[in-house]
Amino acid sequence: QVQLRESGGGLVQPGASLRLTCVSSGRPVESDAMAWCRQAPGKEREFLSAISGSGGITYFADSVKGRVTLTRDNAKNTVYLQMNPLKSEDTSVYYCAAQREGLEVSWYKYDWWGQGTQVTVSS
């Protein structure tokens, strides 16, 4: 069973940088594409970014292009989402996801999900 755990969220200032971390267990992380999504109250889940198992292919949604870096460290079973600069519109719960078949760019294609980490960007 794959388990994902996000960390790194919290209250941050607009213009600040933030790195979210997702640690995977229960399955070799290099075999899975991984992704980050977010969902704010009353809003649809938004697919943000994805990375292939090898790290050689990445995808970024238009809403975060230029502000997000997605990397993975398979030796640590970890994927990182670096955001800079943060905007108030980035306030949301951020979720890490993984799936076994390769990189996908739609959130409903992913098999496993973390519990989410709250990011609040003050105004």
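Structure's up top.
Residues numbered from 1 in each chain as written. Predicted model: local features only at pLDDT ≥ 70, side-chain atom pairs only at ≥ 80, totals over all residues. Heavy atoms only, no water.

Caption draft 1: Broad picture of the environment of Cys96. Topologically, Cys96 is positioned in strand β9 (residues 92–99). Other than its neighbours up to four places away in sequence, Cys96 contacts Leu4, Glu6, Cys22, Met34, Ala35, Trp36, Val79, Trp112, Trp113 and Gly114. (Helix = DSSP H or I, 4+ residues; strand = E, 2+ residues; numbered from the N terminus. Contact = heavy atoms within 4.5 Å.)

Caption draft 2: Geometry of the pairing of strand β4 (residues 33–39). Across the seven residues of β4, six count as buried, placing the element largely inside the fold. As defined by bridge partners, β4 adjoins β9 across seven bridges and the pair is classed as antiparallel. By the bridge assignment, Trp36 is partnered in β9 with Cys96. Note: β4 against strand β5 (residues 46–51), five bridges, orientation antiparallel. The residue bridging Ala35 from the neighbouring strand is Ala50, located in β5. (Buried < 20%, exposed > 50% of the residue type's maximum accessible area, 1.4 Å probe, protein only. Pairing = 2+ DSSP bridges.)

Caption draft 3: Structural context of the sheet that holds strand β8 (residues 78–83). Here we have four strands laid out as an open sheet, ordered β1-β3-β8-β7, and antiparallel in their pairing. Among the strands making up the open sheet, the edge pair consists of β1 (3–7) and β7 (68–73). In this sheet, neighbouring strand axes are inclined to one another by 15 degrees on average, regardless of whether the strands run parallel or antiparallel. Examined bridge by bridge, strand β3 (residues 18–25) and β8 share six bridges and lie antiparallel to one another. Paired with Val23 across the two strands is Thr78, which belongs to β8. (Axes fitted to C-alpha atoms, helices over the stretch in contact; angles between N-to-C directions.)

Caption draft 4: View of the environment of Trp113. Within the secondary structure layout, Trp113 lies in strand β10 (residues 112–113). Measuring from C-alpha to C-alpha, the distance between Trp113 and Trp36 comes to 9.5 Å, with 77 residues separating the pair along the chain.

Caption draft 5: Quick look at unusual backbone geometry. Going from Asn84 to Pro85, the amide bond is cis rather than trans, its omega being -5 degrees. Secondary-structure assignment places Pro85 in the loop between β8 and β9. At Asn77, a residue that is not glycine, the phi angle is positive and equals roughly 55 degrees. Within the secondary structure, Asn77 sits in the loop between β7 and β8.

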